[in-house]
Amino acid sequence: MTGKPHLKILLCAPRGFCAGVDRAIQIVDLALKKFGAPVYVRHEIVHNKYVVDGLRAKGAVFVEELDEIPEGTEAPVIFSAHGVARSVPAEARHRNMFYLDATCPLVTKVHVEAQRHAEDGRDIVLIGHKGHPEVIGTMGQLPPGRISLIETVADAEAFAPRDPDNLALVTQTTLSVDDTSAIVLVLKSRFPAISVAHKEDICYATTNRQEAVKVVAPQVDAMIVVGAPNSSNSMRLVEVGERAGCRVSVMVQRAGDIDWDQFAGITSLGITAGASAPEQLVEEVIAAFAERYAVSVEIATTAEEHIAFNIPRVLRELEAASGR
Ligand code: 0CN
Ligand code: SF4
């Protein structure tokens, strides 16, 4: 018998890596194998320091813009999962760079939607967070002025389009499902003709992880989201936990970040992880609790995920050629 207090951990499922993140990391890994170091990566491939540090140790060089990459390099450059403005591949082509696009196919789908709406003569409303790389990438699919960014219900109420009867709506993929539906409601009531895809563009992974937290958070004393502060989908999970009435709903990047005072006296804990957070970090957090508590871990499954995305053909071909 240990003298440790008992702690029941409810582990959200699904949690952690989504298909887009898995693919993006695989693209960097395979590129390093095929072309050797260095491989340049524009922006954090996914928003997780542990992932980025791990790839950096294998020879990936992270930059924010292409102009940080030396002129004339033959090393490939990879665009992150969040997508890029059209000017980025254009610049890469102009500089004769070899690039690989790790943009999640679900983000590319939004880019294509925006382009189609523009071809049909509509102006576009994008719901998203200003300054987020996905928003910069999506807005950069069209010339300035064609896409208006809406961040809040107040923005939607104040929005004054030049042609209210000729609008289309697209969204960032990693938003709060509930906040977005409130904004969509305002836009639809103000602009009944607005063209919306069957639903907003929030991806399956974002939706499923929020749904799991909604189920788990009301059952526990505290909620931990393993993730990073610059990860939109992870930050949304913290909010969902708070709104579900959890007294403590916090983000933790690594076990070392845990503020033990916040968890004093708890007997149950919910744990999830953002779409860019590796499972090793979840295990590390559980292990840290297991040092102080007699933990029991139960999995709370709210959805099954069986989605996987293909990697770019050039890597598949190289993979085949090298006999892997
Ligand atoms: O954390 P991520 O790298 O990105 P955001 O949630 O900040 O968009 O997760 C991958 C998501 C994508 C694209
Ligand atoms: Fe793609 Fe969604 Fe994952 Fe982003 S969170 S990489 S959109 S599956």
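The structure reproduced in this document is the subject of the present report. (Residues numbered from 1 in each chain as written. Chains lettered and ligands numbered in written order. Predicted model: local features only at pLDDT ≥ 70, side-chain atom pairs only at ≥ 80, totals over all residues. Heavy atoms only, no water.)

Considering the site of ligand 2
All residues adjacent to ligand 2 are Cys 18, Gly 20, Val 21, Cys 104, Leu 106, Thr 173, Cys 203, Tyr 204 and Ala 275. A class-by-class count of the residues in the shell around ligand 2 yields 7 nonpolar, 2 polar and no charged. (Near = heavy atom within 4 Å. Nonpolar A, V, L, I, M, F, W, Y, C, P; charged D, E, K, R; others polar.)

A word on the sheet that holds strand 9 (residues 195-196)
Across the sheet, which stays open at both edges, the 4 strands sit in the order 7-6-8-9 with parallel pairing between neighbours. Each having just a single partner strand, strand 7 (147-150) and strand 9 make up the two edges of the open sheet. The sheet contact formed by strand 6 (residues 123-127) and strand 7 spans 4 bridges and is parallel. Bridged to Ile 127 within strand 7 is Ile 150. Against the sheet, helix 4 (residues 105-119) engages strand 6, strand 8 (167-171) and strand 9, with an angle of about 170° to strand 8. (Pairing = 2+ DSSP bridges. Helix = DSSP H or I, 4+ residues; strand = E, 2+ residues; numbered from the N terminus. Contact = heavy atoms within 4.5 Å. Axes fitted to C-alpha atoms, helices over the stretch in contact; angles between N-to-C directions.)

A word on the pattern of salt bridges
This model, assessed by the stated rule, comprises 17 salt bridges. The shortest N-O distance in the salt bridge between Glu 65 and Arg 42 comes to 3.1 Å. Residue Glu 65 is found in the loop between strand 3 (60-63) and strand 4 (77-79), and its partner Arg 42 is found in strand 2 (residues 39-42); the two are separated by 23 residues along the sequence. For Asp 179, the salt bridge identified is with Arg 243, shortest N-O distance 2.8 Å. Here the residue Asp 179 occupies a position in helix 7 (residues 177-190), and Arg 243 occupies one in helix 9 (residues 232-243), the gap between them amounting to 64 residues. Among the residues examined, Asp 179 registers a relative accessible area of 31% and is labelled partly exposed. A residue is classified by how much of its surface remains accessible, and Arg 243, at 53% relative accessible area, is exposed. Linked through salt bridges whose partners overlap, the residues forming this network are Lys 49, Asp 53 and Arg 56. (Salt bridge = Lys/Arg side-chain N within 4 Å of Asp/Glu carboxyl O. Buried < 20%, exposed > 50% of the residue type's maximum accessible area, 1.4 Å probe, protein only.)

A few points about the environment of Ala 222
Looking at the element boundaries, Ala 222 is found in strand 10 (residues 222-226). Measuring from C-alpha to C-alpha, the distance between Ala 222 and Ile 266 comes to 7.2 Å, with 44 residues separating the pair along the chain. Apart from the residues within four sequence positions on either side, Ala 222 is in contact with Cys 246, Val 248, Phe 263, Ile 266, Ser 268, Leu 269 and Gly 270.

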